[in-house]
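Overview (structure and organization)
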Amino acid sequence: MKKSQIVLNHLVFASDRENGGQQLDMLKKVVGFGIQSAELRREYFDDIIAETSAISTYAKSENLRLFYSVPDDLFVNHRVNPKLSQYYHEAIQLGVSVIKFNTGDFETLLPEDIAAIDKLLQLGIQTNIENDQTQTSGKMHAIEKFMTAAHAADLAIGYVYDMGNWRYVGENELTAAKQLASYVRYIHVKDDKGLGDKLVTVPLNEGEIAWQEILHILPQNVPVAIEYPTASEQTILDGIQALKVFS
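This write-up is about the structure you can find in this document. Keep in mind that what you see is a predicted model, and the values were worked out from it rather than measured.

Conventions adopted
Residues numbered from 1 in each chain as written. Predicted model: local features only at pLDDT ≥ 70, side-chain atom pairs only at ≥ 80, totals over all residues. Heavy atoms only, no water. Salt bridge = Lys/Arg side-chain N within 4 Å of Asp/Glu carboxyl O. Helix = DSSP H or I, 4+ residues; strand = E, 2+ residues; numbered from the N terminus. Buried < 20%, exposed > 50% of the residue type's maximum accessible area, 1.4 Å probe, protein only. Expected span 1.5 Å × (residues − 1). Contact = heavy atoms within 4.5 Å.

**Some details on the pattern of salt bridges**
Counted by the stated rule, this structure contains 14 salt bridges. Ionic pairing is found between Arg41 and Glu227, a salt bridge with its closest N-O pair at 3.1 Å. Of this pair, Arg41 sits in strand E2 (residues 37–41) while Glu227 sits in the loop between strand E11 (224–226) and helix H9 (233–244), and the two are 186 residues apart along the sequence. Residue Glu227 is classed as buried on the basis of its relative accessible area of 4%. With its nearest N and O atoms 3.2 Å apart, the salt bridge here joins Glu107 to Lys145.

Have a look at this one:
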């Protein structure tokens, strides 16, 4: 895999965050690893307004491509989430080029929904939805239902395939890769081990997911983010190396 495809989601700095670390310092670590793309996590901000300017300035100085993971839903109470405009404003101020949401409780696209989403898409930030760990918006049928409707409405929304979330909703990650590959514009890689209440997310090659087989099924030319909590820089380096040698 090309090194330029690799993204570091700030979840890899979970231990830093637990110790009060901020995302500007995490970005500096991303650069230290020789990676040029990072995914900010909204829940990792202490004060987003206070932190935004330094992050934007640093990202520009280092020519970083910023992704933005927002732990909120595109649809709330079956209609477009009124908070979306706030998140896009944050993304613009941060210098983000790609933003991600969960689908939420989507049922159908009304004309006013299409208009509201299209207005946001006109801001020029690539927009994606992801399979999460909920029964509402983490199942294959939920993703396919929304993506089919979005394409029919000519809404340029892509899909983030998160390979570690399927087992949390009782579905198979290989089946999902085959069924949803045509929608994929971004990939989150991780591993899982255990079952039921003992299911945990772990670094690549420490679990039971056939991640290499899955990557062969999915598009080969999209960004691929390492997204799992780590406690050591060596674990991050191992993940980067595993992707670099993948072919």
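**Observations regarding helix H3 (residues 48–61)**
Taking 1.5 Å per residue as the helical rise, H3 with its 14 residues ought to reach 20 Å, and the 20 Å between its terminal C-alpha atoms agrees with that figure. Looking at H3, one finds that the buried residues are Ile48, Glu51, Thr52, Ile55, Ser56, Tyr58 and Ala59. Buried-residue contacts for H3 involve helix H2 (23–32), E2, strand E3 (65–76) and helix H4 (84–94). Just past H3, the residue Asn63 takes up positive phi, approximately 55°.

Read these as layout, nothing more, since geometry by itself doesn't imply function.
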